[in-house]
Amino acid sequence: MTSDVSRPTGDRSGAAGPAVNSYTEWDPLREVVVGSLLGAVFPTWHESMRHTMPESAWPVFREHGGSPLPERHLKAAEAELDGLAEALAAEGVRVRRPDTARHHRPFRTPEWESDGGLYAAMPRDSLIVVGDTIVEAPMAWRCRYHEADAFRPLIKSYFRRGARWLPAPRPQLTDELYRAPGAPGRWAVTEFEPVFDAADFLRFGRDLIVQRSHVTNEFGIDWLRSALGPEFDVHVVETADAHAMHIDATITALAPGKLLVHPERYVHSELFDGWEILPAPPPTLPADWPMYFCSPWVSMNVLSLDPETVVVERQERPLIEALTGWGFRCIEVDLRHVYSFGGSFHCVTLDTVREGGPGRYLSVPGR
């Protein structure tokens, strides 16, 4: 069963309003999905992962794909997700959680097989809300083929209450999708079929930005552009990240005109002319902290509750000081154990209801 976490009094979630309404990364948050690591397993290894995963994790994935993640660390991480849900509820946000899924079960198609799934921890990876529409992403990792299933009961409930539901074409994920070792090209995925992770997109009202990455191809970007129609514009931006996979650890939109960026990966785009740009301070994660999926720069993956309020990892003191000095109220929450499994506050949430409607915030030439 799906579960709700909300304050018994003082709830500002706007439950009587639209089932789904979210156009930006910063409008006042009223309802959110928070992921879960229950039953999470190591991903089944695929050669395309070498482009994005820390090299120290490759042998672990090869040997333990489909096996449970380390229990002690996993329990601590799930407790942090529960704490995040409680912190958001304390701010008057209605919180929804996914079903518990059987990630350990192997599965196969006629072309390939996987020793198991992964988790339901990062709804931002598989789903994106654009206005009143929930889009299911055609993800490029084979082990994530069924990842959105844990969120299906929630999606169906939103649909029955009036939301639009837009699943992308089911990808085949055959060998033709992946660049062969040594073959020319920058990215792990080819243009064989449309694939993308939803976390490669950020929303700015009627405009979305997206990066090409090792899990998002031009075909996938073109599909979403076509599916959303002429009411929305999708802009491809460059990033200086050889391991690109998810834009929200390179660019984080905190408020209209305010952008938190990775000091080395961010490449300025004229779309942000006139915006204030704050390079994120280095993360404070200890060098020996286990990081299976990503770099410690997931520290800048914060969540905006409104244009003046952000949720930040409690121990990232330089970042908290920088954001406070920039005029933000910081809600401090523990999430370091979740870091180990590939995400932080923006990754582990899907904002389904925010106040406000479509607007234009970017400097688009000729418009």
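Values in this document were obtained by computation on a predicted structure and should not be read as measured data. Once a new chain begins, its residue numbering starts again from 1 and follows that chain's sequence as written. Since the coordinates come from a predicted model, pLDDT governs what is reported: local features require at least 70, and pairs of side-chain atoms require 80 or more to be given and counted, while whole-chain, interface and lining totals use all residues. For side-chain calculations, the full set of non-hydrogen atoms in the structure is used, while hydrogens and water are omitted.

### A word on the confidence of the model for the protein chain
Our working definition: Confidence scores here are pLDDT values: one per residue, from the predictor, ranging 0 to 100. Whether two residues are in contact is decided by their heavy atoms: any pair within 4.5 Å suffices.
Chain-level statistics for the protein chain give a pLDDT mean of 93 and a share of 96% at 70 or above. Note on residues 1-14: pLDDT is under 50 here. Beyond four places in sequence and across chains, it has 34 contacts.

### So, the pattern of salt bridges
If charged atoms from side chains of opposite charge come close, those side chains can pair. Operational definition: Salt bridge, as applied in this entry: a Lys or Arg side-chain nitrogen positioned within 4 Å of an Asp or Glu carboxyl oxygen. Counting from the N terminus, the helices are the DSSP runs of H or I reaching at least four residues and the strands are the DSSP runs of E reaching at least two.
Tallied over the full model, the rule gives 32 salt bridges. Arg317 is the salt-bridge partner of Glu332, the closest N and O atoms lying 2.8 Å from each other. Remark: Arg317 occurs in helix α6 (residues 317-325) and Glu332 occurs in strand β17 (residues 329-333); sequence separation between them is 15 residues. Here the salt bridges do not stand alone but share partners, grouping Glu25, Arg124, Arg203, Asp351 and Arg354 into one network.

### Details of helix α5 (residues 218-228)
We apply this condition: Exposure classes here rest on a 1.4 Å probe applied to the protein chains alone. A residue is buried below 20% of its type maximum, exposed above 50%, and partly exposed in between. This arc is built from the directions going out from the helix axis to the C-beta atoms.
Among the residues of α5, those classed as buried are Gly220, Ile221, Trp223, Leu224 and Leu228. Buried residues in α5, looked at end-on, bunch into an arc of 160°, giving them a common side. Considering only its buried residues, α5 is in contact with β6 (127-130), β7 (133-136), β8 (164-167), β9 (201-204), β10 (207-210) and β11 (233-236). At the C-terminal side of α5, Gly229 shows a positive phi close to 85°.

### With respect to the pairing of β11
Two faces, one strand: in a regular strand the side chains alternate between the faces of the sheet. Our working rule: In this scheme, strands are said to pair when DSSP sees at least two bridges between them. When the strands point away from the viewer, a crossover counts as right-handed if the route from the first strand across the helix to the second turns clockwise.
One ladder, built from four bridges, connects β10 with β11; its direction is parallel. Residue pairing across strands places Asp207 opposite Asp233, the latter belonging to β11. For the crossover from β10 across α5 to β11, the handedness is right-handed.

### Structural notes on the side chain of Thr239
Put simply, the rule is: As used in this structure description, the phrase polar contact means that two N or O atoms lie within 3.5 Å; if the pair is within protein, one of them must be able to donate a hydrogen and the other to accept it, and residues adjacent in sequence are counted only when both atoms belong to side chains.
Turning to its location among the elements, Thr239 is positioned in the loop between β11 and β12 (251-255). Polar side-chain contacts of Thr239 include one of 3.0 Å to the side chain of Gln211. The residues touching Thr239, leaving out its near neighbours within four places in the chain, are Arg186, Gln211, Thr250, Arg265 and Val267.

### Examining the layout of surface pockets
For clarity, the cut-off: Here a cavity means grid points, on a 1 Å grid over the protein atoms only, where a 1.4 Å probe fits yet cannot get out; a pocket means an open set of points with protein on both sides within 12 Å along at least five of seven lines; lining residues are those with an atom within 4 Å of a point. Grid points are joined across faces, edges and corners, and a volume is the space filled by probe spheres set on the points. Under the scheme applied here, ten amino acids are nonpolar (Ala, Val, Leu, Ile, Met, Phe, Trp, Tyr, Cys and Pro), four are charged (Asp, Glu, Lys and Arg), and all others, including Gly, are polar.
The computed volume of the largest pocket comes to approximately 460 Å³. Its residues assigned to classes, the lining of the largest pocket comprises 13 nonpolar, six polar and seven charged.

### Observations concerning the packing of aromatic side chains
Going by this rule: Only centres within 6.5 Å qualify two rings of Phe, Tyr or Trp (six-membered ring in Trp) as a pair; their planes then separate them into stacked at under 30 degrees, edge-to-face at over 60, and tilted for everything else. Only Lys NZ and Arg CZ are tested; either one counts as a charge over a ring when it is within 6 Å of the ring centre and within 35 degrees of the ring normal.
Scanning all chains against the criterion turns up 19 aromatic pairs. Centroid distance Phe107 to Trp112: 6.1 Å. Interplanar angle 75°. Geometry classified as edge-to-face. When the centroid spacing of 6.1 Å and the interplanar angle of 45° are considered together, the rings of Tyr119 and Phe293 count as tilted. With a gap of 174 residues between them, Tyr119 in the loop between β5 (113-114) and α3 (123-126) and Phe293 in the loop between β14 (276-279) and β15 (303-306) connect regions that are remote in the sequence. In terms of burial, Tyr119 and Phe293 fall into one category: buried. A cation over a ring is seen here: Arg144 above Trp141, with NZ or CZ 6.0 Å from the ring centre. Positioned above the aromatic ring of Phe232 is the side chain of Arg206, whose terminal nitrogen or guanidinium carbon lies 5.2 Å from the ring centre.

### Notes on the sheet that holds β8
Each strand in a sheet pairs with its neighbour through backbone hydrogen bonds, running either in the same direction (parallel) or in the opposite one (antiparallel). As a reminder of what qualifies: Throughout, an axis means a line fitted to C-alpha atoms (over the contacting stretch in the case of helices), and angles, computed between N-to-C directions, take values from 0 to 180 degrees.
Read from one edge of the open sheet, three strands run β6-β7-β8, paired in mixed fashion. Two strands close off the open sheet at either side, each with one partner strand: β6 and β8. On average, adjacent strands in this sheet sit at an angle of 20° to one another, irrespective of strand direction. Bridge analysis of β6 against β7 gives four bridges, and the strand direction is antiparallel. Residue pairing in the sheet places Leu127 in a bridge with Glu136 of β7. Docked against the sheet, α5 engages β6, β7 and β8, running at close to 155° with respect to β8.

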